[in-house]
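Structural characterization, general
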Amino acid sequence: MTQFGVSALAIGAHPDDVELFCGGIVIRLGQLGHSVGVADLTRGDKASHGTLAEREVETAAASAVLGIVFRDNLGLPDTELAPTTEQITAVVALLRRRRPELVLAPWHDDRHPDHRAASELVTRAVMLAGVRKFAPQAGDRFVPRQLAYYAGRHRMPPSYIVDTSAAAAGKAKAIACYASQLARRPGDDDPTLISEPTAVAAIEARDRHCGSMIGTSHGEALRLASAMGVVDPIRQLRDNPYWTPHAFEATP
Ligand SMILES: [Zn+2]
């Protein structure tokens, strides 16, 4: 039987990705008593704003708000993520070391090339971590229970919506830790999406929209890589506290 090291591992391309795009789920899992870790693939050293030292202090503060049990950084090259054997092996080593039951990864449809590449990298690594003869120096074979994708800036058809209402205030607090990324400062002539005043409001609006689909104040979507089985579809409906007629769009 496989021994898991942590309930969930949320993987992002850059420090602040997890907070922005699945921070509610990470906090909520902790509230429900699950152990959650975060791994950032790069240090975000090509970020338009803030120094590396500033960002590390901000990431540590945000990690405390998330209530996670560890935060790893693989130190892969910012803006140059790609599914090379070297980078896949680094993610395989991470999975084999941390042994998560559930892996959270970015959805592939995204504006940022690093986010697209991170999705591909993690998808390949989840498969190859279970191949005994792939990179045997990177640890013992390991297979998580499930891989689920979280949405970036683009739409993602959800498999389900996680009720993150009780985590919304914490998510806002964690995002606010990234002051160097969020605030436009004198001399900044290089605005990014996240430094636009409307960016955080857009994330909040998306979470409220997802929540409205299940009749709650806030929610975050997950898209499962593999279909999940159900023992009794009627029991599944009766035990579910959420009322699907709130949905504004069909779930594929
Ligand atoms: Zn990012």
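Everything that follows concerns the structure shown earlier in this document.
Residues numbered from 1 in each chain as written. Predicted model: local features only at pLDDT ≥ 70, side-chain atom pairs only at ≥ 80, totals over all residues. Heavy atoms only, no water.

1. Here we look at the coordination of the zinc ion
Applicable threshold: Note that water is not among the atoms considered, so a metal site may appear incomplete; the donors listed are N, O and S atoms within 2.8 Å of the metal, with 3.2 Å applied to Na, K and Ca. Partly exposed describes any residue whose relative accessible area lies between the buried limit of under 20% and the exposed limit of over 50%, with all areas from a 1.4 Å probe on protein chains only and scaled to the type maximum.
Distances from the zinc ion to its protein donors, namely His14 (ND1), Asp17 (OD), Asp17 (OD) and His115 (NE2), fall within the range 2.1 to 2.4 Å. Looking at histidine 14, the relative accessible area reads 8%, which means it is buried. On the basis of relative accessibility, which here comes to 8%, the residue histidine 115 falls in the buried class.

2. So, helix 4 (residues 113–128)
We count it as follows: Numbering of helices and strands starts at the N terminus; helices are DSSP runs of H or I of at least 4 residues and strands are runs of E of at least 2. A helix's residues, less one, multiplied by 1.5 Å, set its expected span.
Its 16 residues place the ends of helix 4 22 Å apart at the C-alpha level, agreeing with the 22 Å of an ideal helix rising 1.5 Å per residue. Among all positions in helix 4, only Asp114, His115, Ala117, Ala118, Ser119, Leu121, Val122, Ala125 and Val126 are buried.

3. Considering the nonpolar core
For clarity, the threshold we go by: For the purposes of this section, nonpolar cores are sets of buried Ala, Val, Leu, Ile, Met, Phe, Trp, Tyr and Cys residues that join through side-chain atoms within 4.5 Å.
In this structure, Ile11, Leu41, Leu81, Leu95 and Val122 are the most contacted members of the largest nonpolar core, which totals 37 residues. Listing elements by their share of this core, those giving two or more residues are strand 1 (6–12), strand 2 (36–42), strand 3 (70–76), helix 3 (85–98), strand 4 (100–106), helix 4, strand 5 (146–150) and helix 7 (197–214). Here this core gets six residues from one element, more than from any other, and that element is helix 4. The next biggest cluster of nonpolar side chains, apart from the first, holds 25 residues, and it includes Phe21, Cys22, Leu66 and Ala167.

4. Observations regarding the packing of helix 2 (residues 52–66) against helix 5 (residues 168–176)
Rules: Orientation is described by axes fitted as lines to C-alpha atoms, over the contacting stretch for helices, and by angles from 0 to 180 degrees between their N-to-C directions. Each angle is binned into one of four classes, with values under 35 degrees roughly parallel, values over 145 roughly antiparallel, values of 65 to 115 roughly perpendicular, and all other values oblique. It only takes one pair of heavy atoms within 4.5 Å for two residues to be counted as in contact. Each residue gets one of three labels, nonpolar for Ala, Val, Leu, Ile, Met, Phe, Trp, Tyr, Cys and Pro, charged for Asp, Glu, Lys and Arg, and polar for the others, Gly among them.
Viewed as axis vectors pointing N to C, helix 2 and helix 5 meet at an angle of 170 degrees, and their least axial separation amounts to 8 Å. Judged on the interaxial angle alone, helix 5 and helix 2 are roughly antiparallel. Along its contact with helix 2, which presents Ala62, Val65 and Leu66, the element helix 5 presents Gly170, Lys173 and Ala174. For the contact of helix 2 with helix 5, the per-class residue count stands at four nonpolar, one polar and one charged.

5. So, the sheet that holds strand 5
Hydrogen bonds between backbone groups are what pair the strands of a sheet, and the pairing can be parallel or antiparallel. Heads up, the rule is: Any two strands are treated as partners once DSSP identifies two or more bridges connecting them.
Within the open sheet, the seven strands sit side by side as 3-2-1-4-5-7-6. Their pairing is mixed. Strands with a single pairing partner mark the edges of an open sheet, and in this sheet they are strand 3 and strand 6 (160–163). Ignoring strand direction, the axes of neighbouring strands in this sheet form an average angle of 30 degrees. Taken together, the four bridges between strand 1 and strand 4 define a ladder with parallel strand orientation. The residue of strand 4 that forms the bridge with alanine 8 is leucine 102. Helix 4 contacts strand 1, strand 2, strand 3, strand 4 and strand 5 of the sheet and is inclined by roughly 155 degrees relative to strand 4.

6. Notes on the environment of glycine 75
Tracing the backbone through its elements, the reader meets glycine 75 in strand 3. Sequence separation of glycine 75 and glycine 44 is 31 residues, and the distance between their C-alpha atoms is 9.0 Å.

7. Topic: unusual backbone geometry
The phi dihedral of aspartate 16 falls on the positive side, at around 100 degrees, and the residue is not glycine. Tracing the backbone through its elements, the reader meets aspartate 16 in the loop between strand 1 and helix 1 (17–31). Accessibility expressed as a relative area gives 8% for aspartate 16, which makes it buried. The residue arginine 99 is not glycine, and still its phi comes out positive at about 50 degrees. Tracing the sequence through the fold places arginine 99 in the loop between helix 3 and strand 4. The exposure class assigned to arginine 99 is partly exposed, which follows from its relative accessible area of 22%.

8. Some details on the pattern of salt bridges
To be explicit about the condition: Note on definitions: salt bridges are taken to be side-chain nitrogens of Lys or Arg within 4 Å of carboxyl oxygens of Asp or Glu.
One pass over the full model with this rule turns up 13 salt bridges. For the salt bridge of lysine 46 with glutamate 80, the shortest nitrogen-to-oxygen distance reads 3.8 Å. One end of the pair, lysine 46, is in the loop between strand 2 and helix 2; the other, glutamate 80, is in the loop between strand 3 and helix 3, and 34 residues separate them in sequence. The class for lysine 46 is partly exposed, based on a relative accessible area of 45%. Ionic pairing is found between glutamate 204 and arginine 208, a salt bridge with its closest N-O pair at 2.8 Å. With a gap of four residues between them, glutamate 204 and arginine 208 both fall in helix 7, about one helical turn apart.

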